[in-house]
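# Breakdown of the fold
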Amino acid sequence: MSAPLYFLPGWCLGRGPLQSTVDALGGQFFDLPGYREAAPESDFDAAVAAVAARLPDAATLAGWSIGAQLALAVAARHPAKVGRLVLVAGTASFVQRDGWPDAMPPATLAEFSAAVIADAAGMLPRFVGGFNRGDAQAKEVSRRILELADPLPPAAVLADGLAWLRDVDLRADATRVTAPTLLVHGDADPLMPAGAARALATLIPGARLAWFAGCAHAPFLSRADDFVAELRRFIDEPTA
């Protein structure tokens, strides 16, 4: 019997876009801080510790986008808690840094953050449409994400997440992951470029990278059946 699966959603959108996927895998959600009933937490390290405290030992932990960064940090810092790790559209650093070129320029994130603070609801369609550019089903996937998204959390919660994207660098953490790790990445993801996925897979010892052709940032919707099958194989495969 496989270990229980817990899934951390992405920034801004909440559980909704992932609900059918998590249901199909028999998993459950850990909401990001400040979403739904979860308490706000502006400090990334404290959020990592809080997730670890709730996890049973040897759980399967998955995350999408910023949720993948949180999951990665939990696995690195609390190895007894994570028996398997799944990173969907993940990266070690959302913004460009020395030695990490496949990421968003910091100035671009700063401009986006200012626009979100000014009008989060108005920015949402632009954000979703932008990260689906290049997907073979871009219009349909964008429509479904906007339809399924949870209500927006408070502006302060959105700002906390944007600050994490600006500040968090998990390259050192990635090298300390001991759990079997699957990275799932769309080969056309404009938000977390393919180069970032390859670099992250190289940093995590023994990590496996599954490419989803013709997909952008949400392969769990673009190729839902294939995505569930990939995760199920990984979750159910025997340990060495």
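Preceding block: the structure.
These notes cover the structure that comes with them. (Residues numbered from 1 in each chain as written. Predicted model: local features only at pLDDT ≥ 70, side-chain atom pairs only at ≥ 80, totals over all residues. Heavy atoms only, no water.)

To continue, consider the overall build of the protein. Within the protein, the secondary structure is distributed over eleven helices and six strands. Against the compact-globule benchmark of 18 Å for 240 residues, the protein has a radius of gyration of 16 Å, which places it among compact chains. A buried classification covers 52% of the 240 residues belonging to the protein. Residue pairs at least 24 apart in sequence account for 71% of intrachain contacts in the protein once pairs closer than 6 positions are excluded. For the protein, the accessible surface area stands at approximately 10,000 Å², while carbon and sulfur atoms represent 54% of it. With 20 positive and 26 negative side-chain charges, the protein shows a separation of 3 Å between the mean positions of the two kinds. (Helix = DSSP H or I, 4+ residues; strand = E, 2+ residues; numbered from the N terminus. Rg over C-alpha atoms; globule rule 2.2 N^0.38 Å. Buried < 20%, exposed > 50% of the residue type's maximum accessible area, 1.4 Å probe, protein only. Contact = heavy atoms within 4.5 Å. Areas by Shrake-Rupley, 256 points an atom, 1.4 Å probe, with all protein chains shown as cover. Lys, Arg positive; Asp, Glu negative; His and termini not counted. Charge placed at Lys NZ, Arg CZ, Asp CG, Glu CD.)

On to the nonpolar core, then. Counting 86 residues, the largest nonpolar core has Trp11 and Trp64 as the members making the most contacts within it. Every residue in contact with Trp11, bar those within four places of it in the chain, is listed here: Leu32, Tyr35, Ile66, Phe112, Val116, Phe127, Leu158, Gly161 and Leu162. (Core = buried A, V, L, I, M, F, W, Y, C linked by side-chain atoms within 4.5 Å.)

What follows concerns the pairing of strand β3 (residues 59-64). Counting buried residues in β3 gives six out of six residues, a clear majority hidden from the surface. Side chains of β3 alternate between two faces, with Ala59, Leu61 and Gly63 and Thr60, Ala62 and Trp64 buried alike. Where strand β1 (residues 5-8) and β3 come together, four bridges link them in parallel fashion. Bridge assignment links Phe7 to a residue of β3, and that residue is Ala62. The pairing of β3 with strand β4 (residues 82-88) spans six bridges and is parallel. The residue of β4 that forms the bridge with Trp64 is Val88. Traced from β3 through helix α3 (residues 66-77) to β4, the parallel crossover comes out right-handed. (Pairing = 2+ DSSP bridges. Right-handed = clockwise from strand over helix to strand, strands pointing away.)

Turning next to the environment of Thr181. If you trace the backbone, Thr181 turns up in strand β5 (residues 181-186). In the structure, Thr181 is positioned 23 residues away from Ile204 in sequence and 7.7 Å away in space, judged by C-alpha atoms. In contact with Thr181, not counting residues within four places along its chain, are Leu85, Leu87, Ile204, Ala207, Arg208 and Phe234. A polar atom in the side chain of Thr181 sits 2.9 Å from the backbone oxygen of Ala179. (Polar contact = N/O pair within 3.5 Å; in protein donor to acceptor, adjacent residues only side chain to side chain.)

Neither face of β1 is exposed, since Leu5 and Phe7 on one face and Tyr6 and Leu8 on the opposite face are all buried. As paired strands, β1 and strand β2 (residues 28-29) are joined by two bridges and run parallel to one another. Each residue of the ladder has a partner; that of Tyr6, found in β2, is Gln28. Note on the crossover from β1 through helix α1 (residues 19-24) to β2: the handedness is right-handed.

What follows concerns the packing of aromatic side chains. This model, assessed by the stated rule, comprises ten aromatic pairs. Judged by centre distance (6.1 Å) and plane angle (85°), the rings of Trp64 and Phe131 are edge-to-face. Of this pair, Trp64 sits in strand β3 while Phe131 is found in helix α5 (residues 120-131), placing the two residues 67 residues apart along the sequence. Among the residues examined, Trp64 registers a relative accessible area of 1% and is labelled buried. Residue Phe131 is classed as buried on the basis of its relative accessible area, which comes to 2%. Seen from their ring centres, Phe127 and Phe131 are 5.1 Å apart, and the 80° between their planes marks the pair as edge-to-face. You can see Phe127 and its partner Phe131 sitting in helix α5, four residues apart, about one turn around the helix. On the accessibility criterion, Phe127 (15% relative accessible area) is buried. In this structure an aromatic cluster arises from ring pairing among Trp11, Trp64, Phe112, Phe127, Phe131, Phe212, Phe220 and Phe227. Across from the ring centre of Phe30, 4.0 Å away, lies the NZ or CZ of Arg54, which sits over that ring. (Phe/Tyr/Trp six-rings, centres within 6.5 Å; stacked < 30°, edge-to-face > 60°. Lys NZ or Arg CZ within 6 Å of the ring centre and 35° of its normal.)

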